[in-house]
Amino acid sequence: MIDQIQKRILEEVADLHTVPEGAYNIRANGASAGRNTTANIDIVSKTDVSGIDIRIKPGTKHESVHIPVVLSESGIKETVYNDFYIGEDSDIVIVAGCGIHNCGNQDSEHDGIHRFYVGKNAKVKYVEKHYGEGDGNGKRILNPGTEVYMEEGSSMEMEMVQIKGVDSTIRTTVAELAAGARLVVRERLLTHGSQQAVSDYVVRLNGADASADVVSRSVAKDDSYQKFDSQIVGNAKCSGHTECDAIIMGNAKIVAVPQLEANNIDAALIHEAAIGKIAGEQIIKLMTLGLTEEEAGKRGLKVRCGHFSMEENGRSIISGEQDGFIQLVFEAYSNTIVGAQMMCSRATDMIGEIATAIANGLTAEQMSFAMRAQPTYNEGIGAAIADALRKA
């Protein structure tokens, strides 16, 4: 029987207000609290360890599986193994997630190990939400481990969300993609107080035309700590993108550790990182690419900088986001761009133009030929280029 606290947590982590339609397995305080199967989706308890096997027949379309977990007793510590076997040509939604209510003095911990075996041309939407609450001194600990094995032509979208209230989490995700497989990960985190959250992703693109897009968007408040460690390995002609887009408030700390390994000449791999701070009621993003003026000087380069304050940008004035600046760094003799620093709204949207310019060795003159519509934030780049040319 589910009590009122558990019902509220289920609403948070699985958007469940009533018993879900379709297949489901609800786990509460280490025991089964409800299960249902369908003609196409079977759920069977494991006999050797705690957990379940979920088997989805080939060709299953437009069905869902809910497997939420609730801990409402202090001191529970469990490790659960759930394996998903997703048949070829399926198209399904899987909703997981865990919520912990801890009003006691002992730590409560749930470690969920999920393994996905995705058949050829199957499509999976996976949603996993974590939530913690309670006024006890005991910690709320969640350590999810995810393994994904994707066959040819399959696709999987993963939405990983930490809502609030989780004191400590270590999320490890490993994925192996065959030819034509596509993986999209969207991680969203919120930490506050002295909470810690570590995310470790390893994605191996093993087949031709496999692709992965791993993006983490997070907010760290107070004295909390976050680390985003993302590794993409290209073992064939493939494309991979990883990005950390983070906002810091108070004394929080965020670390982004990119690792790109191209083992094939046609492996196209990209990493982006943006760290922002809250200035008043506005979000200011800091992005840097290439060399700063100081770094260029240490390398013996004579440089010329173009600077523009966003308080003079028309689009910034319209949107009330005038704080910040753009600075472009050019080698003095050739006028070739070697670096850029942007601290302003929409810096993440504008940095791509600079990355292309640096990669192609463009000069300030060549960059000035680009068309930048009015009013747009990108006009700030043109103004910074014009400032550098005036100093030439």
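Note that the structure is predicted; figures quoted are calculated from it, not measured.

Q: Would you take a moment to explain the packing of aromatic side chains for this structure?
A: Ring pairs (aromatic) are described by centroid distance and by the angle formed between their planes. Applying the stated criterion across every chain, the model contains five aromatic pairs. Pairing phenylalanine 84 with phenylalanine 116 gives two aromatic rings, centres 4.5 Å apart and planes at 10°, and the pair type is stacked. Placement of the pair is phenylalanine 84 in strand 7 (residues 77-86) and phenylalanine 116 in strand 10 (residues 108-118), with a sequence separation of 32 residues. Taken individually, phenylalanine 84 and phenylalanine 116 each receive the classification buried, so the pair is uniform in this respect. Both rings, one in phenylalanine 116 and one in tyrosine 126, keep their centres 4.9 Å apart while their planes meet at 70°; by these two values the pair is edge-to-face. Of this pair, phenylalanine 116 sits in strand 10 while tyrosine 126 sits in strand 11 (residues 123-133), and the two are 10 residues apart along the sequence.

Q: Honestly, the pattern of salt bridges in this entry has me stumped. Any pointers?
A: A side chain of one charge can pair with a side chain of the opposite charge if their charged atoms are brought near each other. Applying the stated criterion across every chain, the model contains 18 salt bridges. Note that arginine 171 is salt-bridged to glutamate 128, the shortest N-O span being 2.6 Å. Residue arginine 171 is found in strand 15 (residues 168-177), and its partner glutamate 128 is found in strand 11; the two are separated by 43 residues along the sequence. Note on arginine 171: relative accessible area 2%, which makes it buried.

Q: Where do I start with the nonpolar core in this structure?
A: Buried together is how nonpolar side chains tend to be arranged in soluble globular proteins. Ranked by size, the top nonpolar core spans 45 residues in total, and within it Ile86, Phe116, Met156, Leu177, Leu183, Val203 and Leu205 carry the most contacts. Apart from the residues lying within four places of it in its own chain, the contact partners of phenylalanine 116 are Phe84, Ile86, Ile94, Tyr126, Thr146, Glu147, Val148, Tyr149 and Met156. Within the second largest apolar cluster, 21 residues are counted, among which are Met310, Ile326, Cys344 and Ala384.

Q: When you look at helix 4 (residues 347-359) in this model, what are you seeing that I'm missing?
A: An α-helical segment advances 3.6 residues per turn. Residues three or four places apart therefore align on the same side. Its 13 residues give helix 4 an end-to-end C-alpha distance of 18 Å, which sits within 8% of 18 Å, the value for a rise of 1.5 Å per residue. Of all the residues in helix 4, the buried ones are Ala347, Met350, Ile351, Ile354 and Ala357. Just downstream of helix 4, glycine 361 is the residue with a positive phi angle, here 60°.

Q: Would you take a moment to explain empty space enclosed by the protein for this structure?
A: Where empty space is left in the structure can be found by rolling a water-sized probe over the atoms. Going through the model one piece at a time under the given rule, you end up with one cavity of 30 Å³ or more. A volume near 50 Å³ is recorded for the largest cavity. Glu187, Leu189, Ser216, Ser218, Gln226, Lys227, Phe228, Cys244, Ile254 and Val255 are the residues that line the largest cavity. The set of elements that each furnish at least two residues to the lining of the largest cavity consists of strand 16 (182-191), strand 18 (210-220), strand 19 (225-234) and strand 21 (253-262). Ranked by residues supplied to the lining of the largest cavity, first place goes to strand 19 with three residues. Considered class by class, the residues forming the lining of the largest cavity number five nonpolar, three polar and two charged.

About the thresholds
- Residues numbered from 1 in each chain as written.
- Predicted model: local features only at pLDDT ≥ 70, side-chain atom pairs only at ≥ 80, totals over all residues.
- Heavy atoms only, no water.
- Phe/Tyr/Trp six-rings, centres within 6.5 Å; stacked < 30°, edge-to-face > 60°.
- Helix = DSSP H or I, 4+ residues; strand = E, 2+ residues; numbered from the N terminus.
- Buried < 20%, exposed > 50% of the residue type's maximum accessible area, 1.4 Å probe, protein only.
- Salt bridge = Lys/Arg side-chain N within 4 Å of Asp/Glu carboxyl O.
- Core = buried A, V, L, I, M, F, W, Y, C linked by side-chain atoms within 4.5 Å.
- Contact = heavy atoms within 4.5 Å.
- Expected span 1.5 Å × (residues − 1).
- 1 Å grid on protein atoms, 1.4 Å probe; cavity = no way out; pocket = protein on both sides within 12 Å on 5 of 7 lines; lining within 4 Å.
- Points joined across faces, edges and corners; volume = space filled by probe spheres on them.
- Nonpolar A, V, L, I, M, F, W, Y, C, P; charged D, E, K, R; others polar.

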